[in-house]
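Breakdown of the fold
Below are the chains, spelled out letter by letter.
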Amino acid sequence: MRRATGVPILRLGDVLVTGLLEELDDRSATAFLDELTERITAEGAKGVLIDISRLTIIDSFVARTLSELTTTARLLGTRVIVAGMRPPVAITLVELGLRLDGVETALTAERGMAALGWFRTASSQEVGHGDHAG
């Protein structure tokens, strides 16, 4: 049985939404990659949003894990957007010479969701889709 990562992964329609609340150790990062990849396949996700706005640091292993996840997801036909990168994290990536090739980014989770086709309505009561059951 695989080890649970403790990282919640929510499904909103055909998009999976998750967030890294703290720096993951190597084992947890690998387990997160495996779990998210399994969910993409099992649920036929068209998009994944990973909110990293709570991360204050990032290491090379986690950066490589995000890059590998994006490559794997693209091969499965899924778009991944990493949202909410803080300036110190971006600076660290540059200083370490780490490139997140192929990783799409968005300034905020809301912008990332919009890029994946989800839009916030003018009124919180208004859904914007006539077939929404709720």
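Residues numbered from 1 in each chain as written. Predicted model: local features only at pLDDT ≥ 70, side-chain atom pairs only at ≥ 80, totals over all residues. Heavy atoms only, no water.

You'll find the protein chain entered in an unreviewed UniProt entry as STAS domain-containing protein, with Streptomyces sedi given as the organism.

**Structural notes on the overall build of the protein chain**
Selection criterion: Here a strand is any run of E in DSSP of at least two residues, a helix any run of H or I of at least four, and the numbering for each starts at the N terminus. Only protein chains enter the area calculation, which uses a 1.4 Å probe; residues under 20% of their type maximum are buried, those over 50% are exposed, and those in between are partly exposed. Any two residues whose heavy atoms approach within 4.5 Å are treated as being in contact. Areas reported as accessible are Shrake-Rupley estimates using a 1.4 Å probe. Residue values count occlusion only from the protein chains shown.
Along the backbone of the protein chain there are four helices and five strands. Element order for the protein chain, N to C, with α for helix and β for strand: β-β-α-β-α-β-α-β-α. Each of the 134 residues in the protein chain was classed as buried or not, and the buried ones make up 37%. Within the protein chain, contacts between residues separated by at least 24 positions form 77% of all contacts whose residues are at least 6 apart in sequence. Total accessible area computed for the protein chain in this model is approximately 8,200 Å², and 54% of it derives from carbon and sulfur atoms.

**Focus: the environment of Val15**
Within the secondary structure, Val15 sits in strand E2 (residues 15-19). Residues Val15 and Val80, 65 residues apart in the sequence, show an inter-C-alpha distance of 9.5 Å. Among residues more than four places away in sequence, those in contact with Val15 are Leu10, Gly47, Val48, Leu49, Met113, Leu116 and Trp118.

**Some words on the nonpolar core**
Using the following cut-off: Residues grouped as a nonpolar core are buried Ala, Val, Leu, Ile, Met, Phe, Trp, Tyr and Cys residues, joined through side-chain atoms within 4.5 Å.
With 27 residues, the main nonpolar core has Leu16, Leu20, Leu36, Ile40, Val48, Ile50 and Ile58 as its most contacted residues. For this core, the secondary-structure elements that each account for two or more residues are helix H1 (26-43), strand E3 (47-51), helix H2 (60-75), strand E4 (79-83) and helix H3 (87-95). Judged by nonpolar contacts, the second largest core, of eight residues, contains Val15, Val17, Leu49 and Ile81.

**Things to note about the pairing of E2**
Strand residues, when the strand is regular, have side chains that alternate between the two faces of the sheet. The line we're drawing: When DSSP finds at least two bridges between two strands, those strands are taken to pair. Here a crossover is taken to be right-handed if, once the strands point away from the viewer, the path from the first strand over the helix to the second is traced clockwise.
E2 sits mainly inside the fold: five of its five residues count as buried. Residue alternation in E2 divides its side chains into two sets, Val15, Val17 and Gly19 and Leu16 and Thr18, and both sets are buried. In terms of strand pairing, strand E1 (residues 9-12) meets E2 through four bridges, oriented antiparallel. Each residue of the ladder has a partner; that of Ile9, found in E2, is Thr18. As paired elements, E2 and E3 share five bridges and run parallel to each other. For Thr18, the partnering residue across the bridge sits in E3 and is Ile50. Running through H1, the crossover from E2 to the neighbouring parallel element E3 is right-handed.

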